[in-house]
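In case you want the letters, here they are:
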Amino acid sequence: MPDAVVDAIVEEALSGAGGFVLDGYPRNPTQAETLTEVTDLDVILSLEVGHEVLVDRLTGRRVCDDCGTNYHVEFDQPEQEGVCDECGGDLIQRGDDQREAVENRLDVFEENTQPVIDRYRDQNGFVEVDGEQSPGAVWTEIRAAIDEHSRT
Ligand SMILES: [Zn+2]
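What counts, and at which threshold
- Residues numbered from 1 in each chain as written.
- Predicted model: local features only at pLDDT ≥ 70, side-chain atom pairs only at ≥ 80, totals over all residues.
- Heavy atoms only, no water.
- Helix = DSSP H or I, 4+ residues; strand = E, 2+ residues; numbered from the N terminus.
- Buried < 20%, exposed > 50% of the residue type's maximum accessible area, 1.4 Å probe, protein only.
- Contact = heavy atoms within 4.5 Å.
- Areas by Shrake-Rupley, 256 points an atom, 1.4 Å probe, with all protein chains shown as cover.
- Lys, Arg positive; Asp, Glu negative; His and termini not counted.
- Charge placed at Lys NZ, Arg CZ, Asp CG, Glu CD.
- Salt bridge = Lys/Arg side-chain N within 4 Å of Asp/Glu carboxyl O.
- Core = buried A, V, L, I, M, F, W, Y, C linked by side-chain atoms within 4.5 Å.
- Axes fitted to C-alpha atoms, helices over the stretch in contact; angles between N-to-C directions.
- Nonpolar A, V, L, I, M, F, W, Y, C, P; charged D, E, K, R; others polar.
- Patch = residues over 30% accessible without salt bridge, like charges linked within 9 Å, V, L, I, M, F, W, Y side chains within 5 Å.
- Donors = N, O, S within 2.8 Å, 3.2 Å for Na, K, Ca; no water.
- Tetrahedral: all angles 85-135°; square planar, octahedral: opposite > 155°, others 65-115°.

(A) Structural view of the overall build of the chain. The secondary structure content of the chain amounts to five helices and five strands. Its helices and strands in sequence order give the chain the pattern α-α-β-α-β-β-β-α-β-α, from N to C terminus. Overall, the chain is about 50 × 35 × 30 Å in size when its C-alpha atoms are taken along their principal axes. A burial count over the chain gives 27% of its 152 residues as buried. Sequence-distant contacts in the chain: of pairs separated by 6 or more residues, those separated by 24 or more amount to 58%. Carbon together with sulfur atoms contributes 47% to the accessible area of the chain, which is approximately 10100 Å² in total. Side-chain charges in the chain split into 11 positive and 36 negative, and the spacing between the mean points of these groups amounts to 1 Å.

Encoded structure:
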């Protein structure tokens, strides 16, 4: 989607919001510039996960060809390998979860999004969270960061 369209959607959504969470936005410096003009951020969370861990997480995803239920070969296995628990359908790896596609997605992320992280790094409310911990530990750190920095 073009930046102008994404920015317009975000601006419209924020105009009536008393509070909000943006996940995966802004994705590039142009979007970050727009967001700065629209609003101030209380907390900026950067979940840090190493390249190889990301590759494993993404390439391990499987989806049911029939009902769309998601699985993971390591973290969320079906009862029977390759078969959907919900409907008995075949589990497949989507094209954009294959290794080469994942590497491309990560390259795009690093090129576009790293400058956004660098832009916010020195700003008040920026918190880096170790995203390789257990989901519970990640959540605890996120809660603490929000409690510390959000205006009540
Ligand atoms: Zn299914």
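Next comes the rest of the account.
(B) Quick peek at the side chain of T59. Note on placement: T59 falls in helix α3 (residues 51–59). When sequence neighbours within four positions are dropped, the list of residues in contact with T59 reads Q93, D97, Q98, R99 and V102.

(C) Examining the pattern of salt bridges more closely. Considering all chains together, one arrives at nine salt bridges under this definition. Linking R99 and E103 is a salt bridge whose minimum nitrogen-to-oxygen distance equals 3.0 Å. Of the two residues, R99 and E103 are both situated in helix α4 (residues 99–121); the distance of four residues between them amounts to about one turn of the helix. What makes R99 partly exposed here is its relative accessible area of 43%. The exposure class of E103 is partly exposed, given its relative accessible area of 21%. Each of R61, R94, D96, D97 and R105 takes part in a single network of salt bridges with overlapping partners.

(D) Highlighting the nonpolar core. V6, V10, L14, Y25, A32, L35, I44, V116, I117, Y120 and F126 together form the largest nonpolar core, which totals 11 residues. Looking at this core, the elements with two or more residues in it are α1 (3–15), α2 (29–38) and α4. In contact with I44, not counting residues within four places along its chain, are Y120, Q123, N124, G125, F126 and V127. Of all hydrophobic cores here, the second largest spans five residues; its members include V127, V129, V138 and A145.

(E) Broad picture of the packing of α2 against α4. The contact between α2 and α4 brings their axes to 8 Å, and the two run at 35°. Facing P29, A32, E33, L35 and T36 of α2, the residues of α4 in contact are N112, P115, V116, R119 and Y120. Of the residues in the contact of α2 with α4, the class split is six nonpolar, two polar and two charged.

(F) How the structure looks around a negative patch on the surface. Side chains of E48, D130, E132 and E141 sit close together on the surface and give a patch of like negative charge. In this fold, E132 is placed in the loop between β5 (126–130) and α5 (135–149).

(G) Focus on the coordination of the zinc ion. Distances from the zinc ion to its protein donors, C64 (SG), C67 (SG), C84 (SG) and C87 (SG), fall at 2.3 Å. If you look at the zinc ion, its four donor atoms make angles of 101 to 116° with each other, and the shape they trace is tetrahedral. Between consecutive donor residues of the zinc ion, the sequence gaps follow C-x2-C-x16-C-x2-C. A residue pair is termed long-range when its members are at least 10 positions apart, and C67 in the loop between β2 (61–64) and β3 (70–72) and C87 in the loop between β3 and β4 (91–92) qualify at 20 residues.

(H) Looking closely at the environment of R151. As for its placement among the helices and strands, R151 is situated in the segment after α5. The exposed category is assigned to R151, whose relative accessible area is 59%. Contacts of R151, omitting those with residues within four sequence positions, involve D40 and D42.

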